[in-house]
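Chain residues, written in single-letter form:
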Amino acid sequence: MNVVETRSLGRRYGRRWALQQLDLDVPEHAVVGLVGPNGAGKSTLLHLVAGLIDPTEGSVSVLGGTPGSTAVLPDVAFVAQDSPLPKRARVREIAAIAAGMNVRWDQAVVDDRLAELRIDESHRAGELSGGQRAQFALALALAKRPKLLLLDEPVASLDPLARRGFLQSLMAAVADGGVTVVFSTHLIDDLQRTCDHLVVLGQGSLLLSGSIDEIVQGHAVLVGPPDRPLPRGCTIVGGHRSVGHQHLVAVSTPVIDPAWQVQTPTLDEIVLAHLALDPEQHPVRHLEVV
Amino acid sequence: MLCVRARHVIALRLDSSSGVSTYLQLVHQVRQAVLLGVLREGDQLPTVKEVVAELAINPNTVLKAYRELEHEGLAVGRPGVGTFITRTSTAPSPEVQARLRSDLTRWAGRANDAGLDVETMVGMLRSVVNETSRGAVA
């Protein structure tokens, strides 16, 4: 079963479309990285899936139900950007309020994490460091024992050490099983290590999506003679490495032309190349869906 | 079953600048540890959660690496217990290997002083090794 399914999903703010014609399937137990520049529609998508806003057109279903409905809500946790917590409230009080708002609550998750992070329960949220605040917000989200965990830019404002600590906690939660994760980020260097699926958005449109293994296998860097046409089944996506006679291409069939030397591109290269393309002329936009 | 005396003897690590995929790096490290005798039959590999909590990587990557090791016959997964090494390298201990290596380093130094090039040295080593193994068989 797909945990999230969107069909022709669109959301408009005034006259501007923040997201358009989005068809996306998120399989169970996936860890999905949602990438794209500012204004690409990442937050809009997460808010639609969380049920915080309604679609302008198309549909989105979460765990087979309507986002935000009472049937779905207990199984979905959402951590907003910069993990906002009431600054004056104490850690203990925030945890108690969160516990009271949820039908399913595993206090041990919160207690264990606070102990590990050496966060004093009597501290006010405003006294926590950025890393501690993010970790605390993650612990609150995980205490719900959610089936779907949505995180909006969880590591963007953290220093490298805090970022690593956060990702360690997140991956350990995934290892415990039972949770599907979708998190947005504009830091693509963490992606390959932490995610198994990728969704790339640009200007409100889907540029690329799929399992990371498939995406990497579906691309190649070709080095070859200047005047030779590209092998069959190849479409150029990368301008940035086309110095000399190198092309980053999307491949639909394996390249077995001895005139071309075939190399494996990194995920970073693939993502950057797709982001740099004009969405209107995007070659693989509708070919690959998760 | 040998896992009674299971030891945790290896900590996996990653080199993010190597360009080698994460899962292959994990496979290589375990394979090499077995070859060098650091890991022996019955030794337990770190649990998926331990690796994940240390390296901040996707659990599926660790599972994939462990599956590959099982496929190679180097390890076996026992559901609910962990993954265990099934082979002991017949190679000598790391200490013996280090001693042999330093003998060879001294020899290579002398050969270099005598003006031998790399190809001649390797050729000489190969012929000596061949003669020795023939002698051992005979």
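Residues numbered from 1 in each chain as written. Chains lettered and ligands numbered in written order. Predicted model: local features only at pLDDT ≥ 70, side-chain atom pairs only at ≥ 80, totals over all residues. Heavy atoms only, no water.

A. Just the layout of surface pockets, in detail. There is about 1100 Å³ of room inside the largest pocket. Listing elements by their share of the lining of the largest pocket, those giving two or more residues are helix H5 (160-175), helix H6 (191-194), helix H7 (212-217) and helix H8 (267-276) of chain A together with helix H1 (22-35) and helix H3 (59-71) of chain B. In terms of residue count, H5 of chain A provides more of the lining of the largest pocket than any other element does, 5 residues in total. Looking at the second largest pocket, its volume works out to about 720 Å³. In this structure, the second largest pocket is lined by 27 residues; those nearest its centre are Phe78, Ala98, Met101, Asn102 and Lys144 of chain A. Looking at the lining of the second largest pocket, the elements that each hand over two or more residues are strand E5 (76-79), helix H2 (91-101) and helix H4 (130-143) of chain A. Class assignment of the residues belonging to the lining of the second largest pocket gives a composition of 21 nonpolar, 4 polar and 2 charged. (1 Å grid on protein atoms, 1.4 Å probe; cavity = no way out; pocket = protein on both sides within 12 Å on 5 of 7 lines; lining within 4 Å. Points joined across faces, edges and corners; volume = space filled by probe spheres on them. Helix = DSSP H or I, 4+ residues; strand = E, 2+ residues; numbered from the N terminus. Nonpolar A, V, L, I, M, F, W, Y, C, P; charged D, E, K, R; others polar.)

B. Structural view of the pairing of strand E3 (residues 31-35) of chain A. Residue and element names in this part refer to chain A. With respect to burial, E3 is a largely interior element, 5 of its 5 residues being buried. Because side chains alternate across E3, one face comprises the buried residues Val31, Gly33 and Val35, and the other comprises Val32 and Leu34, equally buried. Where E3 and strand E7 (residues 180-185) come together, 5 bridges link them in parallel fashion. Each residue of the ladder has a partner; that of Val31, found in E7, is Val181. (Buried < 20%, exposed > 50% of the residue type's maximum accessible area, 1.4 Å probe, protein only. Pairing = 2+ DSSP bridges.)

C. Quick look at the domain arrangement of chain A. Residue and element names in this part refer to chain A. Assigned domains of chain A: these are domain 1 (2-211) and domain 2 (218-281). Distance between the C-alpha centres of domain 1 and domain 2: 33 Å. Counting residues at the interface gives 13 residues for domain 1, matched by 9 residues for domain 2. Interface area for domain 1 against domain 2, summed over the two sides, is near 890 Å², with a carbon-plus-sulfur share of 81%. Counting the surface domain 1 buries against domain 2, the share from its top three residues, Ile188, Leu207 and Leu208, is 50%. The interface formed by domain 1 and domain 2 contains 0 salt bridges. Summed over the shared surface of domain 1 and domain 2, the number is 0 residue pairs in polar contact (both at pLDDT 80 or more). Among the elements that make up the side of domain 1 that touches domain 2, the one with the highest residue count is strand E8 (residues 197-202) (3 residues). Taken together, the residues that form the side of domain 1 that touches domain 2 break down as 9 nonpolar, 3 polar and 1 charged. (Domains from an automatic or database assignment. Contact = heavy atoms within 4.5 Å. Buried area = accessible area lost by both parts, 1.4 Å probe. Salt bridge = Lys/Arg side-chain N within 4 Å of Asp/Glu carboxyl O. Polar contact = N/O pair within 3.5 Å; in protein donor to acceptor, adjacent residues only side chain to side chain.)

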